[in-house]
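Structural description and commentary
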Amino acid sequence: MQAQESRTNYLNANYGIRSWLLTVDHKRIGLLYLGSVTFFFIIGGLFAGAIRLELLTPAGDLVESDTYNKLFTMHGIIMVFFFLIPSIPSVLGNFLIPIMIGARDLAFPRLNLLSWYIYLVGSSFTLYAMVTGGVDTGWTFYTPFSTSMSNTNVIPTALGIFINGFSSILTGLNFIVTIHRMRAPGLTWFRLPLFVWAHYATSLIMVLGTPVLAITIIMVGLERGFHLGIFDPALGGDPLLFQHLFWFYSHPAVYIMILPSMGVISEVITCFSRKRIFGYEFVAISSLAIAALGFLVWAHHMFVTGMSVYAAMIFSFLSFAVAIPSAVKVFNWTATLFKGSVSFEAPMIYALGFIGLFTIGGLTGLFLSSLGVDVHVTDTYFVVAHFHYIMVGGAIMGYMAGLHFWWPKISGRLYPEVWARIAAVIIFLGFNLTFFPQFVLGYMGMPRRYHAYPDEFQVLNVMSTAGASILGVGYLLPLIYFAWSMRYGPIASSNPWRAAGLEWQTPSPPPTENFEVTPIVTQEAYTYPVQEVTVG
Amino acid sequence: MANAIATAHEHAHQHQFDDAEQQHSASSLGMWIFLAQEIMFFGGLFLAYLAYRTAYPHAFVTASHHLDVQLGTINTAVLITSSLTMALAVHSAQLGKQRLLLVFLVATLVLGGIFLGIKSVEYSHKFHEGLIPGPFFSVVSGDSGQQQLFFSLYFAMTGMHALHMIIGFVAILFLIVYTLRGKYTAAYNTPVELFGLYWHFVDIVWIFLFPLLYLFGRH
Amino acid sequence: MHHIVPLRVYFTIFAALIVLTGTTVWAAFQDFGVMNDVVAMAIAITKATLVVLFFMHVRYSDRLTQLIVSTGILFLMILFVFTMADPLTRGWLPLPRP
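Residues numbered from 1 in each chain as written. Chains lettered and ligands numbered in written order. Predicted model: local features only at pLDDT ≥ 70, side-chain atom pairs only at ≥ 80, totals over all residues.

Looking only at helices and strands, one finds 15 helices and 0 strands in chain A. Taking 536 residues into account, the globule formula puts the C-alpha radius of gyration at 24 Å, and chain A, at 23 Å, falls close to it. Judged by the C-alpha coordinates and their principal axes, chain A covers about 70 × 45 × 45 Å. At a minimum sequence separation of 6, the contacts of chain A that also span at least 24 residues come to 86%. (Helix = DSSP H or I, 4+ residues; strand = E, 2+ residues; numbered from the N terminus. Rg over C-alpha atoms; globule rule 2.2 N^0.38 Å. Contact = placed C-beta atoms within 7 Å.)

Here you go:
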């Protein structure tokens, strides 16, 4: 752990605002994304806070119902499109994929920077729509409400999401080409870190799914703006066609959020169990299986819409099938822990939290994919709780695990471990207190998207709001100590976790070109020595 | 996209690549993935067409009779010819024949312009016949709404196709400028090759649009 | 890497595309019953295949390119088939509909 001030790295290679805004270094672009998605996470979090505050009391007393509609809509849009989807791929994926495969950069560095600017333009449109009155359609933009009834800012919001989609597509394209064409000598497909496999699968979804959302948004825009009635029931159009098109992207989009997280978990679990992952090939292939099967299940969002019951049965069956590759991962992570020398550093606490929360989220997903139960709980808080267990309990736990795990590599500094462990535990507890009561509420019949509710639901709602404030504190802590550690944290060595993987063989922070000499890979991923003393 | 590719090569190869060969294979792969994305993009529109044509076959046949088969056929031939000139442009670039490359790029541009010219004539006919969906749609019949669906899709599909051609024009102009500067040689012509792929893709979209919109139910 | 396709191939394919365009217009005005749609789509798919294989050089490309083209078409088919599975079977169950 010697001081390494004299060495040139990607952070001190050059200074000034231009060197950041015009950078083509994937590591710097990753940091630009880190800043922007954190900004949107805070905004989305504020909307969530307002929602929970309104639901503290049964009466709709804090905000009007119209305002409440806008709050949950904007919470959903910001969190889904401007935080969750770009979060891990654009921040950690951008930073790590080239280093993990021993490349100097992504295949198309300028395209990468362009992705970030497209993200900025798209998010600006959406922000503009929000400050000028917001939008109240729900993040799903269901027609005909979004096309002919809502009198809020549907078009600028949708335009923002449309533009942002290209950022996602270009990032996915860049990753796929990079992983295919830029691997270091000796780095065969089955020697790749599972983080890279997960991002490869994610990129496939980004490239194949996002354009369908794009064209759907165009059709909604044409209908709303130019009276081209494509989904208009008055002309014989089918609103369910909109839902099919929308969910063709938006269900796989959930896998865009969760797959990268699973990639992070595979890295963290192996490192802190000091074991090679159990069943590497199965974990790798299950990422691709999730990506592919994820495209075959979308209509389980539509079981009560009046769609064909025969089609519904097929979609129900296929939704169950997605559980198989997901379970393969959970079993293999658990088997990796077995007889490993497990230690509980902050990233590991998040990773273990992920396994538990994702399992609950996944199993309740099975309730929702069975036709009968789904009819009972559709549009209740059961659904809300389910997808928050996946998106917050899964995706964000993985994001936090990854941020902590690679923070020394990104910043060259160590974060305060004690505080990080405290924050991880707070987040885990706060999360469960927020969302577990919502399962019960939903099962009891509390519908989502209303600002008022009957008195008998209050106790559970108060618990949920209390949990949300704890969760808020939990998320605030890392924000503070990461900022602190950037300046005052102890200098990190190149491999503070003694982890396997190419990214740990280059200095922290890495030089602009990532490696002094292109590494040659001669062994499998996760070759942890079996007998090793646990790190405190 | 095409713009980024067209301007992305100042040197023999960029620093992140080991050699020009790796750079070429990466760029080519990137373009193909982009085209896969385009397939899904147009796929949404084709799906809407499929769904409504299945639901309302009669209204769709009636509505499609308003389209001009003659102009549609001419346009199909024009676009196929522009695909040929584009293929020949790539061929000339690969052989390092810069003059021929220039000629074929300009020919492609001109043919594309003719296509859009004819398309705009058709659009203005539809406008005068009151076939623009919305409050001014003038077909009065029991299935007027369903015929509007046809024209909504007609304008959305051909409009999106035309937009892709216009984007293609911008890219060709860049290619022409760089050709005049002598940038493309037998050793390095990736942008021409990749743009060719894009142009052929746009042609393929039209190959499907033509029978679906103009020809069904003519007998 | 750069496979140079002989000019003869380009002109042959072009001629085929023009002939097929003529054929599809001619066929559209004949009454084949339900087969009209099938013929039109078969011709369109043939034309598209010719363009992909020869103008776009996929016939001479590596396996990965061919895989990407196939993947794009496969997912397009998933979009079509799984969506149409709904409207095509919606009326099978004799339920009162609004």
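After that view of the structure, there is still more to cover.
For chain C, the helix and strand inventory stands at 3 helices and 0 strands. In sequence order, chain C lays out its α and β elements as α-α-α. A total of 98 residues make up chain C; the buried ones form 30% of that total. (Buried ≥ 20, exposed ≤ 12 C-beta atoms within 10 Å, placed from the backbone.)

Contact geometry of helix 7 (residues 194-226) of chain A with helix 2 (residues 20-55) of chain B gives a least axis separation of 8 Å together with a crossing angle of 40°. Comparing their axes, helix 2 of chain B and helix 7 of chain A come out oblique. Here helix 7 of chain A and helix 2 of chain B pass one another in a crossing that is right-handed. On helix 2 of chain B, the residues that touch A:V207, A:L208, A:P211, A:V212, A:A214, A:I215, A:T216 and A:M219 of helix 7 of chain A are B:I33, B:A36, B:Q37, B:M40, B:F41, B:G43, B:G44, B:L45 and B:A48. Of the residues that constitute the contact of helix 7 of chain A with helix 2 of chain B, the class distribution is 13 nonpolar, 4 polar and no charged. (Axes fitted to C-alpha atoms, helices over the stretch in contact; angles between N-to-C directions. Parallel < 35°, antiparallel > 145°, perpendicular 65-115°, else oblique. Left-handed = near helix turned anticlockwise from the far one by under 90°. Nonpolar A, V, L, I, M, F, W, Y, C, P; charged D, E, K, R; others polar.)

Okay, the nonpolar core next. A:V268, A:A401, B:I33, B:A48 and B:L153 are the most contacted members of the largest nonpolar core, which has 269 residues in total. For this core, the element with the highest residue contribution is helix 8 (residues 239-273) of chain A, accounting for 22 residues. B:A48 has contacts with A:M219, A:I230, A:L241 and B:L153, leaving out every residue within four places of it along the chain. (Core = buried A, V, L, I, M, F, W, Y, C linked by C-beta atoms within 7 Å.)

Let's shift gears to the interface of chain A and chain B. Counting from both sides, the interface comprises 36 residues of chain A and, opposite them, 33 residues of chain B. Going through the elements one at a time, helix 4 (109-131), helix 6 (154-181), helix 7 and helix 8 of chain A are the ones with two or more residues in the side of chain A that touches chain B. Along the lines of polarity and charge, the residues of the side of chain A that touches chain B split into 25 nonpolar, 6 polar and 5 charged.

On to the environment of B:P57, then. Inspection of the secondary structure assignment puts B:P57 in helix 3 (residues 57-64). In sequence terms B:P57 and B:Q146 are 89 residues apart; their C-alpha atoms lie 9.5 Å from each other.

By a frequent convention, interface size equals the accessible area lost on bringing the separate parts together. Across the contact, 16 residues belong to chain A and 13 residues belong to chain C. Considering each element in turn, the side of chain A that touches chain C owes the most residues, 4 residues, to helix 10 (residues 309-337) of chain A. Its residues placed into classes, the side of chain A that touches chain C shows 12 nonpolar, 3 polar and 1 charged.

Below, the discussion takes up the confidence of the model for chain C. Across chain C, the average pLDDT comes to 91, with 94% of residues at 70 or higher. Across the interface, the model reports ipTM at 0.93; the global pTM reads 0.94. (pLDDT = per-residue confidence, 0-100.)

The subject of this paragraph is the packing of helix 4 (residues 69-94) of chain B against helix 1 (residues 7-28) of chain C. Put simply, helix 4 of chain B and helix 1 of chain C touch, their axes get as near as 10 Å, and they point 170° apart. The pairing of helix 4 of chain B with helix 1 of chain C is recorded here as roughly antiparallel in orientation. Taking contact as the criterion, the partners of B:V69, B:T73, B:T76, B:A77, B:I80, B:L84, B:A87, B:L88 and B:H91 in helix 4 of chain B are, on helix 1 of chain C, C:L7, C:Y10, C:F14, C:L17, C:I18, C:T21 and C:V25. Along the lines of polarity and charge, the residues of the contact of helix 4 of chain B with helix 1 of chain C split into 12 nonpolar, 4 polar and no charged.

With that out of the way, let us pick up helix 7 (residues 190-215) of chain B. Residues and elements named next belong to chain B. Here helix 7 spans 37 Å end to end across 26 residues, near enough to the 38 Å set by a 1.5 Å rise per residue. Within helix 7, the axis deviates most sharply at L209, by approximately 30°, and proline P211 lies no more than four positions further along. Where burial is concerned, most of helix 7 is hidden: 26 out of the 26 residues are buried. One or two positions beyond helix 7, positive phi appears at G217, with a value near 75°. (Expected span 1.5 Å × (residues − 1). Bend = angle between axes of the 7 residues up to and from the residue.)

Further remarks concern unusual backbone geometry. Outside of glycine, negative phi angles account for most residues, and trans bonds account for most peptide bonds. Residue and element names in this part refer to chain A. Look at the link from T143 to P144: it is a cis peptide, with omega at 0°. Looking at the secondary structure, you find P144 in the loop between helix 4 and helix 5 (145-149). Residue S508 is joined to P509 through a cis peptide bond whose omega torsion reads -15°. Structurally, the position occupied by P509 is in the segment after helix 15 (458-488). Unlike most non-glycine residues, F141 shows phi in positive territory, near 55°. With respect to the element layout, F141 can be found in the loop between helix 4 and helix 5. The backbone of D379 shows a phi angle near 60°, a positive value even though the residue is not glycine. Structurally, the position occupied by D379 is in the loop between helix 12 (371-377) and helix 13 (381-411).

Residue and element names in this part refer to chain B. Summarising the element assignment, A93 is placed in helix 4. For the pair formed by A93 and T179, sequence separation is 86 residues and the distance between their alpha carbons is 9.4 Å. If sequence neighbours within four positions are ignored, A93 has contacts with L101, Y184, N189 and V192.

Our focus in this paragraph is the confidence of the model for chain A. All names here are of chain A. Per-residue confidence for chain A averages 94 on the pLDDT scale, and 98% of its residues sit at or above 70. Mean pLDDT across the elements of chain A ranges from a minimum in helix 5, with 90, to a maximum in helix 14 (residues 417-444), with 97. Within the model, pLDDT remains below 50 along residues 1-5, and this stretch shows 5 contacts once partners closer than five positions in the same chain are excluded. Long-range and interchain partners of residues 530-536, a stretch whose pLDDT sits below 50, account for 6 contacts in this model, where long-range means more than four residues apart.

Glancing now at the environment of C:V69. Assignment of secondary structure puts C:V69 in helix 3 (residues 63-89). Excluding anything up to four places from it in sequence, C:V69 contacts C:V52 and C:V58.

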